[in-house]
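Report on the structure
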Amino acid sequence: MAVKSNIIDIRSLTLDQLKQKLVEMGEQGFRAKQIYEWLWQKSCTDFDEMSNLSKALRDTLKANFAINAVTVKESQVSSDRTIKSSFWLYDNNVIEGVLIPTTDRMTACVSSQVGCSLTCKFCATGYMDRKRNLNADEIYDQVVLISKQAEEKYGQPLTNIVYMGMGEPLLNYANMMKSVERITSPDGLNMAAKRITVSTAGIAKMIKKLGDDGVKFNLALSLHAANDQKRNEIMPINEQNTLKALAEALKYFYLKTKSPITFEYIVFNNFNDELEDAKELARFCKHVPSKVNLIEYNPISLADFTNADADKIDVFAEYLRSQGIITNVRRSRGKDIDAACGQLAIKEEEAV
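Calculation rules
- Residues numbered from 1 in each chain as written.
- Predicted model: local features only at pLDDT ≥ 70, side-chain atom pairs only at ≥ 80, totals over all residues.
- Heavy atoms only, no water.
- Helix = DSSP H or I, 4+ residues; strand = E, 2+ residues; numbered from the N terminus.
- Rg over C-alpha atoms; globule rule 2.2 N^0.38 Å.
- Buried < 20%, exposed > 50% of the residue type's maximum accessible area, 1.4 Å probe, protein only.
- Contact = heavy atoms within 4.5 Å.
- Areas by Shrake-Rupley, 256 points an atom, 1.4 Å probe, with all protein chains shown as cover.
- Lys, Arg positive; Asp, Glu negative; His and termini not counted.
- Charge placed at Lys NZ, Arg CZ, Asp CG, Glu CD.
- Domains from an automatic or database assignment.
- Buried area = accessible area lost by both parts, 1.4 Å probe.
- Salt bridge = Lys/Arg side-chain N within 4 Å of Asp/Glu carboxyl O.
- Polar contact = N/O pair within 3.5 Å; in protein donor to acceptor, adjacent residues only side chain to side chain.
- pLDDT = per-residue confidence, 0-100.
- UniProt positions renumbered as here; feature names shortened; annotations may be inferred.
- Expected span 1.5 Å × (residues − 1).
- Arc of directions from axis to C-beta.
- Pairing = 2+ DSSP bridges.
- Axes fitted to C-alpha atoms, helices over the stretch in contact; angles between N-to-C directions.

**Quick word on the overall build of the protein chain**
In terms of helices and strands, the protein chain carries 11 helices and 14 strands. On C-alpha atoms alone, the protein chain measures out to a radius of gyration of 21 Å, which is about the 20 Å that the 2.2 N^0.38 rule sets for 352 residues. Reported as C-alpha extents along the three principal axes, the dimensions of the protein chain are approximately 70 × 45 × 35 Å. When each of the 352 residues of the protein chain is scored for burial, the buried share is 53%. Partitioning the contacts of the protein chain with sequence separation of at least 6, the portion at a separation of at least 24 is 65%. Element-wise, carbon and sulfur atoms account for 49% of the exposed surface of the protein chain, whose accessible area totals about 15700 Å². Counting 45 positive and 46 negative side-chain charges, the protein chain places the averaged centre of each group 5 Å from the other.

What follows is the structure, given as structure tokens:
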């Protein structure tokens, strides 16, 4: 249910802003730090659970503020242990996130927008309208909920976070950055920034801004083709952000951060899976220190693309390695549970 306009989302406030609000209401300013700890360290979403606050103060908070908590709507567990969840937002929009367990890590894949505006031809989210950006607390909540799934289902803590769900993180820059700050802060979840990867479809000016802001997290570029003609065909954003512009932006980012880039490359059958495609990718990789993740495609009903043959992917990978490029093959996860980006949420839309 949407929150009334005169009620403030308490997690939208900085610590100083919260302190100021409390003082204006006749409360003691030092209470702001206690409340902040409940909100961001303990991930509390109910004022009544803030046990070191008086009942009077808790009632005051309930009367003046809201905690617009994200909740789990539905979860699907794959045979490979991947957990795909759809999440309710306070305004009844639905997003999705995924827990990806492997032998050595537990990774949360989170969304940054409701839908997406980029219309990538192979992605289910690309066939949805972008309804709005997520607030920083809504991104943070996904991490908390998926972390809880990792602990409860598999008895292991969350180790990594990837911003690779619905939406383009760099088109929700301020909220993405604030969510990272809350996740990494000692008075937040205190997770190391190097365990976070933000993935972009490629917005050159915003990649440069990441460099200017000196970010400590990892950057991944969803490349999927290393010539402009093919990339234009599947990713219209490339028409305004050509490979030349992206290469310049990535060089700038590396100059500022000294952080290597990860190139994500889905290998599509009879589209970008030939040796010539591998050679083009190898040439592009020379622009900056980088590695490549070759990804098996998880087909969607809305698109005609299919996954390349495993043998072809292996040949592709071996060529890249022969060129001195660190290359990993990422096998598709959650094939039996609609785990491709946007699949679960688009089913939710169709059901409404």
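**Here we look at the domain arrangement of the protein chain**
Here the protein chain is partitioned into domain 1 (12–66) and domain 2 (71–337). One C-alpha centre belongs to domain 1, the other to domain 2; they are set 35 Å apart. Taken together, the 7 residues of domain 1 in the interface contact 9 residues of domain 2. Around 730 Å² of area is buried between domain 1 and domain 2 when both sides are counted, 55% of it from carbon and sulfur atoms. Looking only at domain 1, the three residues that lose the most surface to domain 2 are Trp40, Gln41 and Ser43, adding up to 70% of its buried area. In this structure, the connection of domain 1 to domain 2 is made through 0 salt bridges. Viewed at the interface, domain 2 and domain 1 are joined by 5 residue pairs in polar contact (both at pLDDT 80 or more).

**Considerations on the confidence of the model for the protein chain**
Across the protein chain, the average pLDDT comes to 92, with 92% of residues at 70 or higher. Confidence over residues 341–352 falls short of pLDDT 50; this stretch has 40 contacts with residues more than four positions distant or in other chains.

**Quick look at the environment of Phe47**
Mapped onto the elements of the fold, Phe47 is located in the loop between α2 (31–41) and α3 (55–64). Separated by 20 residues in the primary sequence, Phe47 and Ile67 place their C-alpha atoms 8.3 Å from one another.

**Thoughts on the UniProt feature "binding site: [4Fe-4S] cluster" (unreviewed entry) in the protein chain**
The UniProt record marks Cys116, Cys120 and Cys123 with the feature "binding site: [4Fe-4S] cluster" (unreviewed entry), using the residue numbering of this structure. Relative to the helices and strands, Cys116 resides in the loop between β7 (113–114) and β8 (132–133). In this structure Cys116 touches Thr125, Met128, Asp129, Arg130, Gly167 and Glu168, once residues within four positions along its chain are discounted. You can see Cys120 is positioned in the loop between β7 and β8. Those residues in contact with Cys120, other than ones at most four positions away along the chain, are Gly126, Tyr127, Ile234, Met235 and Pro236.

**Quick look at helix α8 (residues 243–257)**
In this model, α8 (15 residues) spans 21 Å end to end at C-alpha, consistent with the 21 Å of a helix rising 1.5 Å per residue. For α8, every residue scored as buried is listed here: Leu243, Leu246, Ala247, Ala249, Leu250, Phe253 and Thr257. Along the axis of α8, the buried residues cluster in a sector spanning 165°; they form a single face. Turned more than 90 degrees from where α8 packs its buried face, Lys244 and Leu255 sit exposed. The inward-facing, buried residues of α8 contact α6 (204–212), β11 (218–222), α7 (228–234), β12 (261–267) and α9 (275–285).

**Notes on the pattern of salt bridges**
Scanning all chains against the criterion turns up 17 salt bridges. The salt bridge partner of Arg182 is Glu181, with a shortest N-O separation of 2.8 Å. Classification of Arg182 by relative accessible area gives buried; the value is 3%. Here Glu181 falls in the partly exposed class, since its relative accessible area comes to 38%. Each of Asp48, Lys55, Asp59 and Lys62 takes part in salt bridges that share partners, so that together they form one network.

**Some details on the sheet that holds strand β10 (residues 196–200)**
Taken in spatial order, the 10 strands of this open sheet run β3-β4-β5-β6-β9-β10-β11-β12-β13-β14, and their pairing is mixed. Of all the strands in the sheet, just β3 (71–77) and β14 (326–330) have a single pairing partner and so form its edges. With direction set aside, neighbouring strand axes in the sheet form an average angle of 20°. Where strand β9 (residues 160–163) and β10 come together, 3 bridges link them in parallel fashion. Bridge pairing links Ile161 to Ile196 in β10. Helix α4 (residues 136–154) contacts β3, β4 (83–88), β5 (94–101), β6 (106–109) and β9 of the sheet and is inclined by roughly 40° relative to β5.

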